[in-house]
Amino acid sequence: MISVKVPASSANLGAGFDCMGVALKLYNIIEVEEIEKGLEITSIPDDPSIAKDENNLVFKAMKTVFDEVGWYPKGLRINLINEIPLTRGLGSSAACISGGIYAANLLCGGKLSEEEMIFLAAKMEGHPDNSTPAMIGGLVFAVLEENKVNYIKFVVPNRLKFAVFIPDFQLSTEYARNILPKYIEFKDAVFNVGRAALFASAITTGNYDLLPAATQDRLHQPYRKNLIPDFDKIVNLSLEFGAKGAFLSGAGPSIIALIDENYDSFEQNVKLALSSLELKSKWDLMILEADNSGATVFSVQSSSSFKR
């Protein structure tokens, strides 16, 4: 039995569309073992939306590895223990892809390097902003090229926390991507380039007072926020109580605010305000730290795979 723990992730971080993301301390665990034949998949909780056959995303990611290295198990048993909420913009798909690739590589004896796994995960997802931090942890600046991922990992200090607002409704990433315009104005591209550069500089130098400006965006949030009726209220509420910027997490609908002080009072004040605001949805608040480790082996027991 091989068990791999994979963190949640938040992509874009405001202006860094498809190229910036951070791993968060909220996890899925993927347990896999080789069996004599067949495919057995279970999940905790037992969500009917999770495929239990060859359409399962973890299995598809594992098969990508097997096809790449030319090794196949006789059969597979996969158990999924999921804490990351589905279709909330917190990297549940990236966790499945990255964790499946990581587990499959262990199962076949570690034939792929870390760089090869990072590339396979990003290629399967289509962009590296969720999959790369899920794989290696930290805050990642990454670009997917034809045959590799160019990236820089930044270890996030403990003083920076992520206030994650999770609504009681789901939003399809595919739908949220399809509403984006095919073309943008030059001035909007310039706006985002400047703010993405400012975000990277502010984060790496610890100048967090620049983050409210650095997390502004004109590429995706103006369009996607129309799918989230409470977006402006949540963002304004976060800034009112001292957040150093707030933005849509990935394609949404979750929203993240950055805080670097008075964590308890922020949480108490925001929860109290949420209960009194007239909102169209119910929002849960979690204060999370960045995960700087990425996918990690939880346990490895003997497997026939390592004997062949």
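Up top is the structure these notes are about.
Residues numbered from 1 in each chain as written. Predicted model: local features only at pLDDT ≥ 70, side-chain atom pairs only at ≥ 80, totals over all residues. Heavy atoms only, no water.

### Overview of the pattern of salt bridges
- Following the criterion strictly, the structure yields 15 salt bridges and no others.
- Among the ionic pairs, D18 bridges to R177, the shortest N-O distance being 2.9 Å. Here the residue D18 occupies a position in the loop between β1 (2–11) and β2 (20–35), and R177 occupies one in helix α5 (residues 173–178), the gap between them amounting to 159 residues.
- Taking the relative accessible area as the measure of exposure, R177 reaches 30% and is therefore partly exposed.
- Its salt-bridge partner being D67, residue K63 comes within 3.0 Å of it at the nearest N-O pair. Residue K63 and its partner D67 are both found in helix α1 (residues 57–69); the two are separated by four residues, about one turn of the helix.
- What makes D67 partly exposed here is its relative accessible area of 40%. (Salt bridge = Lys/Arg side-chain N within 4 Å of Asp/Glu carboxyl O. Helix = DSSP H or I, 4+ residues; strand = E, 2+ residues; numbered from the N terminus. Buried < 20%, exposed > 50% of the residue type's maximum accessible area, 1.4 Å probe, protein only.)

### Considerations on α1
- The terminal C-alpha atoms of α1, which comprises 13 residues, lie 19 Å apart, in line with the 18 Å expected from a rise of 1.5 Å per residue.
- Two or three places before V58, at the opening of α1, N56 has a side-chain oxygen 2.9 Å from that residue's backbone nitrogen.
- A positive phi of about 75° marks G70, the residue just after α1. (Expected span 1.5 Å × (residues − 1). Polar contact = N/O pair within 3.5 Å; in protein donor to acceptor, adjacent residues only side chain to side chain.)

No statement about biological role is implied by the geometric values presented.
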